[in-house]
Amino acid sequence: MHHRNALQAIARHPIFWIALCAAALTPGARAETDAIAGSFEAVVDGNKVALSSLRSRYAVDIDGDIANVKLTQEFENPFDQPLNATYLFPLNRQAAVHTMIMHVGDEVIRAEIQEIRKAKQTFSKAKKAGKAAALLEQHRPNMFTQRVANLMPGMPIQVEIHYTQLVPQLDGAYELVVPMVVGPRYQPAGAGVAPDVPAASGANPTFGQWELEALPPYPATAGVDLPSSAVAERVSMTLTLETPVPLQQVHSGSHPLATKVISPTRRTLSFAQGRVLDNRDFILRYTTAAAEPSAGLLTHWQADEGGYFSLLIEPPAQVSDDTALPREMVFLLDCSGSMGGTPINASKAFMAHALQGLRASDTFRIIRFSDVATEFSASPLPATAENIQRGLNYSSSLYGSGGTVMSSGIKQALGTPAQPGVVRNVIFLTDGYIGNEIEVLKLVNGLIGDARLYAFGVGAGVNRYLLSELGRTGRGFTRYFDPTASDESVDAVVRELANKLQSPVLTNLQLDWGDLPVTNVVPAQLPDLYHGNSIRVTGRFSKPARGHVTVTGRSRGRQAAMTTATALTDTSPRPGIRRIWARSTIAEHMHAFITPPALRPDRTGDDILKAIVTDLGLTYRLATRWTAFVAVSQKVYNANPAASQNAQVALPKVAGVSQLAYGKPAMTGHGAPEPGLWLGFVTALATLGWWRRRQLSP
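**Observations regarding the overall build of the chain**
Secondary structure summary: the chain contains 12 helices and 40 strands in total. Across the chain, every contact between residues at least 6 apart in sequence was considered, and the portion connecting residues at least 24 apart equals 74%. Of the accessible surface of the chain, which amounts to about 29400 Å², a share of 53% is contributed by carbon and sulfur atoms.

**Some points on the environment of Leu 136**
Its place among the elements puts Leu 136 in strand S10 (residues 131–140). Between the C-alpha atom of Leu 136 and that of Thr 627, which follows or precedes it by 491 residues, the distance is 9.3 Å. Ignoring sequence-local partners within four residues, the contact set of Leu 136 consists of Phe 89, Val 97, Met 100, Phe 144, Thr 145, Gln 146, Ile 161, Ala 628 and Phe 629.

**Some points on the pattern of salt bridges**
Applying the stated rule across the entire model yields 22 salt bridges. The residue Glu 175 makes a salt bridge to Arg 285 at a minimum N-O spacing of 2.9 Å. Pair noted here: Glu 175 is in strand S14 (residues 173–178) and Arg 285 is in strand S22 (residues 282–288), with a separation of 110 residues, a long-range link. Owing to a relative accessible area of 26%, Arg 285 belongs among the partly exposed residues under this scheme. One salt bridge connects Glu 328 with Arg 365, and the closest N-O pair in it is separated by 3.1 Å. Of this pair, Glu 328 sits in strand S25 (residues 327–334) while Arg 365 sits in strand S26 (residues 363–369), and the two are 37 residues apart along the sequence. Comparing Glu 328 with Arg 365, the two get one shared label, buried. Look at the salt bridges and you will find they share partners, linking Glu 328, Arg 365, Glu 375 and Arg 424 into a network.

**A short note on unusual backbone geometry**
The omega torsion across Val 522 and Pro 523 is 0 degrees, close enough to zero to call that bond cis. Although it is not a glycine, Asp 171 sits at a positive phi angle of roughly 55 degrees. Mapped onto the fold, Asp 171 is located in the loop between strand S13 (169–170) and S14. Residue classification places Asp 171 among the partly exposed positions, given a relative accessible area of 22%.

**Re the packing of aromatic side chains**
A complete count under the given rule lists 16 aromatic pairs for this structure. The interplanar angle of 70 degrees and the centroid separation of 6.0 Å between the aromatic rings of Phe 456 and Phe 477 together place this pair among those described as edge-to-face. Of this pair, Phe 456 sits in strand S30 (residues 452–458) while Phe 477 sits in the loop between helix H8 (464–473) and strand S31 (478–481), placing them 21 residues apart in sequence. Taken together, the ring pairs connect Phe 350, Tyr 454, Phe 456, Phe 477 and Phe 481 into an aromatic cluster. Over the aromatic face of Trp 581 sits the side chain of Arg 540, whose NZ or CZ is 5.4 Å from the ring centroid.

**Things to note about the sheet that holds strand S36 (residues 545–555)**
Read across the open sheet, the 4 strands follow the order S34-S32-S36-S37; overall the sheet is antiparallel. Every other strand in the sheet has two partners, leaving strand S34 (529–530) and strand S37 (558–568) as the edge strands with one partner each. For strand S32 (residues 505–512) and S36, the ladder comprises 5 bridges, and the chain directions are antiparallel. Note that in S36 the partner of Gln 510 across the bridge is Thr 552.

**Some remarks on the environment of Asn 393**
If you trace the backbone, Asn 393 turns up in helix H5 (residues 385–396). Each C-alpha atom of the pair Asn 393 and Ala 352 lies 9.6 Å from the other, and the pair is 41 residues apart in sequence.

**Thoughts on the side chain of Thr 566**
With respect to the helices and strands, the residue Thr 566 is situated in strand S37. Note on Thr 566: relative accessible area 5%, which makes it buried. Here Thr 564 takes part through its backbone oxygen, which lies 3.3 Å from a polar atom of the side chain of Thr 566. Ignoring sequence-local partners within four residues, the contact set of Thr 566 consists of Leu 297, Leu 516, Ala 545, Arg 546, Gly 547, His 548 and Val 549.

**A word on the nonpolar core**
If you look at the biggest cluster of nonpolar residues, it comprises 61 residues, and the most contacted ones within it are Ile 62, Val 97, Leu 176 and Leu 239. Top element by residues in this core is strand S6 (residues 83–90). It accounts for 5 residues. Residues contacting Leu 239, with those up to four places away along its chain left out, are Val 60, Ile 62, Leu 176, Arg 267, Thr 268, Leu 269, Phe 282 and Leu 284. Grouped together as the second largest cluster of nonpolar side chains are 34 residues, Tyr 454, Val 458, Phe 477 and Leu 501 included.

**A few points about the sheet that holds strand S12 (residues 157–166)**
Backbone hydrogen bonds are what pair the strands of a sheet, in a parallel or an antiparallel way. An order of S8-S7-S12-S5-S4-S18-S21-S20 is seen for the 8 strands of this open sheet, with the pairing classed as mixed. Edge positions in the sheet fall to strand S8 (107–110) and strand S20 (257–263), since each of these pairs with one other strand and no more. Averaged over all adjacent pairs, the angle separating strand axes in this sheet is 15 degrees, with direction ignored. As paired elements, strand S5 (residues 66–76) and S12 share 10 bridges and run antiparallel to each other.

**Observations concerning the environment of Thr 238**
Relative to the helices and strands, Thr 238 is located in strand S18 (residues 235–242). Of the residues examined, Thr 238 reaches a relative accessible area of 48% and is grouped as partly exposed. In the structure, Thr 238 is positioned 36 residues away from Gly 274 in sequence and 9.5 Å away in space, judged by C-alpha atoms. Ignoring sequence-local partners within four residues, the contact set of Thr 238 consists of Tyr 58, Ala 59, Val 60 and Leu 269.

**Re helix H3 (residues 116–129)**
With 14 residues, H3 should reach 20 Å at 1.5 Å per residue; the first-to-last C-alpha distance of 20 Å fits that figure. The set of residues buried in H3 consists of Ile 116, Ala 119, Phe 123 and Ala 126. Down the axis of H3, the buried side of the element spans an arc of 95 degrees, and every buried residue falls inside it. Seen from the buried face of H3, the exposed residues on the opposite side, beyond 90 degrees, are Arg 117, Gln 121, Lys 125 and Lys 128. Where H3 is buried, its residues touch strand S9 (112–115), S10, strand S11 (143–151) and strand S38 (627–636). N-cap assignment for H3: the residue whose side-chain oxygen lies 3.1 Å from the backbone N of Arg 117 is Glu 115.

**Some details on the packing of helix H7 (residues 437–447) against H8**
A pair of packed helices is captured by two measures, namely the crossing angle of their axes and the spacing between those axes. Interaxial distance between H7 and H8 falls to 10 Å at its minimum, and their mutual angle equals 15 degrees. Judged on the interaxial angle alone, H8 and H7 are roughly parallel. Pair H7 / H8 crosses with right-handed handedness. The segment H7 lies against H8, with Glu 437, Ile 438, Val 440, Leu 441, Val 444 and Asn 445 engaging Tyr 465, Leu 466, Glu 469, Leu 470 and Thr 473.

**Here we look at H5**
Taking 1.5 Å as the rise per residue, H5 with 12 residues should run 16 Å; its terminal C-alpha atoms sit 16 Å apart, in good agreement. Here H5 has its buried residues at Asn 387, Ile 388, Gly 391, Leu 392, Tyr 394 and Ser 395. What you see down the axis of H5 is that its buried residues fit within an arc of 165 degrees, all on one side. Relative to its buried face, H5 has exposed residues pointing more than 90 degrees away, namely Ala 385 and Glu 386. On the buried face of H5, the contacting elements are helix H4 (342–356), S26, strand S27 (373–375) and strand S28 (381–382).

Thresholds, definitions, all that
- Residues numbered from 1 in each chain as written.
- Predicted model: local features only at pLDDT ≥ 70, side-chain atom pairs only at ≥ 80, totals over all residues.
- Heavy atoms only, no water.
- Helix = DSSP H or I, 4+ residues; strand = E, 2+ residues; numbered from the N terminus.
- Contact = heavy atoms within 4.5 Å.
- Areas by Shrake-Rupley, 256 points an atom, 1.4 Å probe, with all protein chains shown as cover.
- Salt bridge = Lys/Arg side-chain N within 4 Å of Asp/Glu carboxyl O.
- Buried < 20%, exposed > 50% of the residue type's maximum accessible area, 1.4 Å probe, protein only.
- Phe/Tyr/Trp six-rings, centres within 6.5 Å; stacked < 30°, edge-to-face > 60°.
- Lys NZ or Arg CZ within 6 Å of the ring centre and 35° of its normal.
- Pairing = 2+ DSSP bridges.
- Polar contact = N/O pair within 3.5 Å; in protein donor to acceptor, adjacent residues only side chain to side chain.
- Core = buried A, V, L, I, M, F, W, Y, C linked by side-chain atoms within 4.5 Å.
- Axes fitted to C-alpha atoms, helices over the stretch in contact; angles between N-to-C directions.
- Expected span 1.5 Å × (residues − 1).
- Arc of directions from axis to C-beta.
- Parallel < 35°, antiparallel > 145°, perpendicular 65-115°, else oblique.
- Left-handed = near helix turned anticlockwise from the far one by under 90°.

Rendered as structure tokens:
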């Protein structure tokens, strides 16, 4: 206690913080840069790294609730010698990436889809031959790498990426998400590497580490490795929105927009600033005047293949809450280094609303985790006023530091069975910044039992793939909120999200297609349906037909059913539905990878799943874990390809994320400060000692 009081007294002196800041700004940083022709050459961990420059343009066309996106990436070489550039970037986890086109000089090359090993061989051969080439690989469903070979001085290479996605309905509005920033990842010790990366494990064998991606060399990050000027406002967007019925509200909470009203059903939008820094995801929400969904059933007919459809399922009117079972509410809070500051404060605001919204029949637990998990109480506490206040005091004292060993928190939350007659709900607040997603999802799958897990993403650029899969695997739902928004906005969002935990649920959903000629429906097992949620079911049909589809389920112990007239037609072609079915089918098989083989309905082996996904990717021309797009020029542009320098495209730091979440020196897995910070403490204490001696000297 005496030591704590002494440290607190030291920390109260202004001279301590002045000295500490001075020590932190001394030479010896992780990376330094020199300006070269408008770009940068960086020294990262003692290695010189060339940085190519990039401009990105998004052209988004939304028709109802289908978005077609063209992303144009323009790579430039600011040096006097050729470069081979690498760019790590995100895409929507549900994106069906179906086309890539490369522009170099007077050549326009449409990329081929190939099995991943063949694509890499094609790219490597072109690179050695001095030809311009581009290779698009998927590392995770929401994480891609673009490689560009033989990028010549003064000759930019443009790469167009085309993808299609559905715009889901959430809480009464359509919500489009365009990911723009790659967040850091924490790789726990012994957790292996990210999918399809053959390099040695990126995890520290003893402690684990923070990194951008298990793909050395790690991308340099402006604001962490480099000055912020290394990444300027380099992203622009044009968006066209058209709906069958008049639009009511169109709003982005992430970016100010310039909006032009073309008609009641059509608008065009762009960033109000023209170009923006890509340090947060773009989110657009819009509502229409229709009382009912205007695109409940979408179809596409292709003469040589047959039909494809997409059906929207929404919950019925809310059922009375009177028959609700007692609940054990388990609040699982990520308190790792990446959650420090703004994100953890938003989590505390959520906890304030959620705890005060507990029912008298509820019990609750609070678990925090970083490197290890610890729990507020030894057993679930009754939701009395006194216990709720204790819980509020505890959660308000939490802070972010250390690594993200997510498995420790999940085991703590789900490792013991719930009491008989009690429904266990796990409310998980995290940014999802981990590298071992598959390991964590398999753990949840094995432990979830009859519990439900609700994933709440906290951040401006969170790991949406992991969070969405947590909600799906946990048979709950996933929501997101940006803690860098205004305090009033954050408060309104967290209050709304906390209230959603009180909504009734429709469980055990089943679909009866009657006599309709429907096959290959995904998802095969429907998730639970919550108020404010909707489910898209996609499938195929062999011929045009009319009939009825019936959705059955249980709500608060009562049987519920909804019957809808359905017309599977061969008119109004929508090729995006074909791609969306293929992408959803791929996602269904990839979901099996996070399911232990013994729990898979047909016990399909990994090799068979890989073969199915590869075949779907090649047949429907989609980027997957095992298929990639590769484009190669006809001309030779580089007469001496062996002399080319490898270059990265620098990435921005995610808005609101602590610098502790970036890089090995920033924070080791056991939560200790980096050596430079220890030096800062020593320098600060020495300076304080010198100052105190001066005060005491005559």
